[in-house]
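As a plain string of letters, each chain reads:
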Amino acid sequence: MKKLLLLFTFCAAAFSASAQDGPIGVRSSTDYGVGSSDSRNNGFGIKAGFNLSDLRGQDKGAYQDLESLKSYHAGVYAQFALNEKFSIQPEFLFSRKGFDAQAFDLVTGQPAGSKEETRLDYLQVPVLLVYNIVDNVSIHVGPQVSLLVNAKYAGRERSISDVGLNSLEYGVVGGVEARVGPARLGARYDLGLADIYNDPQDAGADAYDNVKNGVFQVYLGIGISN
């Protein structure tokens, strides 16, 4: 994760330096005037990136040999300017979360062999408040709701209701984004506040009931209309 953060910091600095005065013929967000609907902070686009997903919560320690899951997210965004500094950005994303951990025996609830992957696929709707620190660098923060649409354990489909998975997740998202022209490079953290399990049905599952998702994300976005 430290290497990813260093890479993002270097890229953000490069973006900032290259867009300090803006490319020729491209206006900055401060050139439009407060209240103007013709703003660089209006528009929509597509985005995709890398997920590094892990567990949070009091029962995280019950998982043996826990390892983060490397996956992805992708979707669309829209941005609506409030003024030259602030805007609202709703998004619609597909995001794969989960983790790798040593398997549990469903009868005894004890570790039972090799490490297996738990994969949780969500449809997410974050609604973010965007603040431009400078013209081409902004911070994003806001609430998010997610719907669990698919779950797999060790490559096998799992019934969301039968194993007591929580189909509705809520949380908070925060991060930073650099942009030049139509391109956006960002990093954020997706902090899940709802338990992954709503009512665990597997034997021994109560030992790891209080666990939540936590995901570090790096993404690239392209504005289709700005």
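Provided above is the structure to which this section pertains.
These lines cover the structure that appears in this document, whether it is placed above or below. Being a predicted model, the structure only gives us computed values, none of them experimental. (Residues numbered from 1 in each chain as written. Predicted model: local features only at pLDDT ≥ 70, side-chain atom pairs only at ≥ 80, totals over all residues. Heavy atoms only, no water.)

Digging into the side chain of His140
Turning to step 1, where the next piece is worked out: Among the structural elements, His140 can be located in strand 5 (residues 137–153).
Turning to step 2, where the next piece is worked out: Residue classification places His140 among the buried residues on the basis of a relative accessible area of 5%.
Turning to step 3, where the next piece is worked out: Separated by 3.0 Å, the side chains of His140 and Ser138 make a polar contact.
Turning to step 4, where the next piece is worked out: Among residues more than four places away in sequence, those in contact with His140 are Gln89, Leu128, Leu129, Val130, Val173, Gly174, Gly175, Glu177, Arg188 and Tyr219. (Helix = DSSP H or I, 4+ residues; strand = E, 2+ residues; numbered from the N terminus. Buried < 20%, exposed > 50% of the residue type's maximum accessible area, 1.4 Å probe, protein only. Polar contact = N/O pair within 3.5 Å; in protein donor to acceptor, adjacent residues only side chain to side chain. Contact = heavy atoms within 4.5 Å.)

Focus on the pairing of strand 1 (residues 43–56)
Turning to step 1, where the next piece is worked out: Bridge analysis of strand 1 against strand 2 (residues 67–81) gives 11 bridges, and the strand direction is antiparallel. Bridging across to strand 2, Ser53 finds its partner in Leu69.
Turning to step 2, where the next piece is worked out: As paired strands, strand 1 and strand 9 (residues 212–225) are joined by 13 bridges and run antiparallel to one another. From the neighbouring strand, Asn51 faces strand 9, where its bridge partner is Gln217. (Pairing = 2+ DSSP bridges.)

A few points about the nonpolar core
Inside soluble globular proteins, nonpolar side chains tend to come together where they are buried.
Turning to step 1, where the next piece is worked out: If you look at the biggest cluster of nonpolar residues, it comprises 14 residues, and the most contacted ones within it are Tyr63, Leu120, Leu148, Leu165 and Ile196.
Turning to step 2, where the next piece is worked out: Contributing elements (two or more residues each) for this core: strand 3 (86–104), strand 4 (111–134) and strand 5. (Core = buried A, V, L, I, M, F, W, Y, C linked by side-chain atoms within 4.5 Å.)

A few points about the environment of Leu185
Turning to step 1, where the next piece is worked out: With respect to the helices and strands, the residue Leu185 is situated in strand 8 (residues 183–192).
Turning to step 2, where the next piece is worked out: Overall, the relative accessible area of 14% leaves Leu185 in the buried class.
Turning to step 3, where the next piece is worked out: For the pair Leu185 and Val218, spaced 33 residues apart in sequence, the C-alpha separation works out to 7.6 Å.

Points about the pattern of salt bridges
Turning to step 1, where the next piece is worked out: Enumeration according to the criterion identifies 8 salt bridges in this entry.
Turning to step 2, where the next piece is worked out: Lys97 is the partner of Glu169 in a salt bridge, and the nearest nitrogen-oxygen pair spans 2.8 Å. Here Lys97 lies in strand 3 and Glu169 lies in strand 7 (residues 168–180), a separation of 72 residues in the sequence. Each member of the pair, Glu169 as well as Lys97, carries the same accessibility label: buried.
Turning to step 3, where the next piece is worked out: With its nearest N and O atoms 2.9 Å apart, the salt bridge here joins Lys97 to Asp190. Pair noted here: Lys97 is in strand 3 and Asp190 is in strand 8, with a separation of 93 residues, a long-range link. In terms of burial, Lys97 and Asp190 fall into one category: buried.
Turning to step 4, where the next piece is worked out: One network of salt bridges, in which partners are shared, links Lys47, Glu91 and Arg188. (Salt bridge = Lys/Arg side-chain N within 4 Å of Asp/Glu carboxyl O.)

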